[in-house]
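# What the coordinates show
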Amino acid sequence: MSDNFRRIRSYVIRVARMSESQKKAYSELYPNWVIPFDGAQLDWDDLFPGAVKRIVEIGFGMGDATRQVAAENPDWGILGIEVHKPGVGKLLWWIDQEKLGNLYIIEHDAVEVLFDMIPAESVDGFHIWFPDPWPKKRHHKRRLIQPEIVEMLKRALKPGAYIHVATDWEPYAEHILSVFRNADGLKNRFAEWAQKPDYRPDTKFENRGIVAERTIRDIIFEKEKI
Ligand SMILES: C[S@@+](CC[C@H](N)C(=O)[O-])C[C@H]1O[C@@H](n2cnc3c(N)ncnc32)[C@H](O)[C@@H]1O
């Protein structure tokens, strides 16, 4: 992948104040649960010894859904990637409140993490729930789901493992379906839209979409076994 592509940002750093509890969690718990972005390949066995699944969530926002998935699936190892500092503070707070031992965070651009730190054929599932839709045409290049990034996601998946995207933005849903269908070696687990699986909680952004009466789409593809 070209350096130009790596410079494209799928997010904007939002100026948002952290609450006192987020600040406290951020300053006290960061060293325990946040993995520095250092470009070194992750050692999953070291991070999550004995985990039955290794899940990577990209863009967890304020982390409410991440917390729930971690709490409900204690035998999964979950890596959450986010650039929004208050969200990192909030999820650290949850880790402490609920004594979650199966969740680590990387506070960095997920595209770079994908390139530099996730070993090939090592991930059981990617959760990408309500990624920014970038609705304006001139911003489409900032979308997370596009062929080059899907190639990187595919490379990181074990054979048979999945990418699960959810969105409330219909044109983005159509775009995602088309990008996945055109990716060699990925196959849809459903005929078209997926049924929302039990492991996916409602998310904060999903609830905004529901209030706005938008249709929620889940899309789940898996890496073909050769
Ligand atoms: C629309 S929000 C959805 C948050 C959450 N998943 C939810 O459903 O409530 C998208 C999130 O993805 C994060 N994000 C976007 N691109 C990212 C990237 N390349 N690396 C890490 N986080 C990213 C943003 O900071 C934002 O918090």
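Residues numbered from 1 in each chain as written. Predicted model: local features only at pLDDT ≥ 70, side-chain atom pairs only at ≥ 80, totals over all residues. Heavy atoms only, no water.

Quick look at the side chain of Asp 109 now. Assignment of secondary structure puts Asp 109 in the loop between β3 (103-106) and α6 (110-116). A polar atom in the side chain of Asp 109 sits 2.8 Å from the backbone nitrogen of Val 111. (Helix = DSSP H or I, 4+ residues; strand = E, 2+ residues; numbered from the N terminus. Polar contact = N/O pair within 3.5 Å; in protein donor to acceptor, adjacent residues only side chain to side chain.)

Before going further, it helps to examine the nonpolar core. Membership of the largest hydrophobic core comes to 71 residues, with the highest contact counts inside it found for Leu 79, Leu 92, Ile 118, Phe 126 and Phe 180. If we skip the residues at most four places from it in the chain, Leu 92 touches Ala 25, Tyr 26, Leu 29, Tyr 30, Trp 33, Val 34 and Ile 105. (Core = buried A, V, L, I, M, F, W, Y, C linked by side-chain atoms within 4.5 Å. Buried < 20%, exposed > 50% of the residue type's maximum accessible area, 1.4 Å probe, protein only. Contact = heavy atoms within 4.5 Å.)

Another aspect to go through is the pattern of salt bridges. Note that side chains of opposite charge can pair when their charged atoms are close. All told, the structure shown has 18 salt bridges when counted by the stated rule. Residue Lys 99 is joined to Asp 96 by a salt bridge in which the shortest nitrogen-to-oxygen separation is 3.2 Å. As a salt-bridge pair, Arg 217 and Glu 170 come within 3.0 Å of each other at their nearest N and O atoms. Placement of Arg 217 in strand β7 (residues 217-223) and of Glu 170 in helix α8 (residues 170-181) is noted, with a sequence separation of 47 residues between them. Salt bridges sharing partners connect three or more residues here, namely Arg 9, Asp 109 and Glu 112. (Salt bridge = Lys/Arg side-chain N within 4 Å of Asp/Glu carboxyl O.)

Attention now moves to the sheet that holds strand β6 (residues 186-188). Read across the sheet, seven strands follow the order β3-β2-β1-β4-β5-β7-β6 without closing on themselves; strand pairing throughout is mixed. Looking at the sheet topology across the chains shown, the edges are occupied by β3 and β6. Across the sheet, the axes of successive neighbouring strands diverge by a mean angle of 20°, strand direction being ignored. Note: strand β1 (residues 53-58) against strand β4 (residues 123-129), three bridges, orientation parallel. (Pairing = 2+ DSSP bridges. Axes fitted to C-alpha atoms, helices over the stretch in contact; angles between N-to-C directions.)

What follows concerns the side chain of Glu 222. Mapped onto the secondary structure, Glu 222 falls in strand β7. By relative accessible area, which is 13% here, Glu 222 ends up buried. When near neighbours in sequence (up to four residues on either side) are disregarded, Glu 222 contacts Gly 160, Ala 161, Tyr 162, Gly 185, Leu 186, Lys 187 and Arg 189.

To continue, consider the site of the ligand. Around the ligand, the structure places 17 residues, and the nearest of them are Ser 10, Glu 82, Ala 110, Trp 129 and Thr 203. Between Ala 110 and the ligand, the recorded distance is 2.8 Å, taken from a backbone N or O atom to a nitrogen atom. Take Lys 204: an N or O atom from its main chain is 3.5 Å from an oxygen atom of the ligand. Protein burial of the ligand: of its 600 Å² of free accessible surface, 96% is covered by the chains. Here the residues of the shell around the ligand are counted per class, giving seven nonpolar, five polar and five charged. (Near = heavy atom within 4 Å. Areas by Shrake-Rupley, 256 points an atom, 1.4 Å probe, with all protein chains shown as cover. Nonpolar A, V, L, I, M, F, W, Y, C, P; charged D, E, K, R; others polar.)

Where helix α2 (residues 20-33) meets helix α5 (residues 85-97), the axes come as close as 8 Å, and the angle between the chain directions of the two elements is 75°. It follows that α2 is roughly perpendicular to α5 by the angle criterion. In contact with Ser 21, Gln 22, Ala 25, Tyr 26, Leu 29, Tyr 30 and Trp 33 of α2, α5 contributes Lys 85, Pro 86, Val 88, Gly 89, Lys 90, Leu 92, Trp 93, Ile 95 and Asp 96. For the contact of α2 with α5, the class distribution of residues is 10 nonpolar, three polar and three charged. (Parallel < 35°, antiparallel > 145°, perpendicular 65-115°, else oblique.)

It is worth spelling out the pairing of β3 at this point. Of the two faces of β3, the one carrying Leu 103 and Ile 105 and the one carrying Tyr 104 and Ile 106 are both buried. Bridge analysis of strand β2 (residues 76-81) against β3 gives four bridges, and the strand direction is parallel. Looking at the pairing, Gly 80 lines up with Ile 105 of β3. You can see the chain leave β2, run along α5 and come back into β3, and the turn it takes is right-handed. (Right-handed = clockwise from strand over helix to strand, strands pointing away.)

Moving on to the packing of aromatic side chains. The full count for this structure, using the stated rule, is nine aromatic pairs. Taking 5.1 Å as the distance between ring centres and 70° as the angle between the ring planes, the aromatic pair formed by Trp 93 and Trp 94 counts as edge-to-face. Exposure remark for Trp 94: the relative accessible area of 16% places this residue in the buried category. Feature note: the residues Trp 33, Trp 44, Phe 48 and Tyr 104 constitute an aromatic cluster, connected by ring pairs. Here Arg 67 stacks its cationic end above the ring of Trp 94, 4.2 Å away from the centre of that ring. Above the ring of Phe 205, the side-chain terminus of Arg 208 is found at 4.5 Å from the ring centroid. (Phe/Tyr/Trp six-rings, centres within 6.5 Å; stacked < 30°, edge-to-face > 60°. Lys NZ or Arg CZ within 6 Å of the ring centre and 35° of its normal.)

Purely geometric stuff here, so don't read any function into it on its own.
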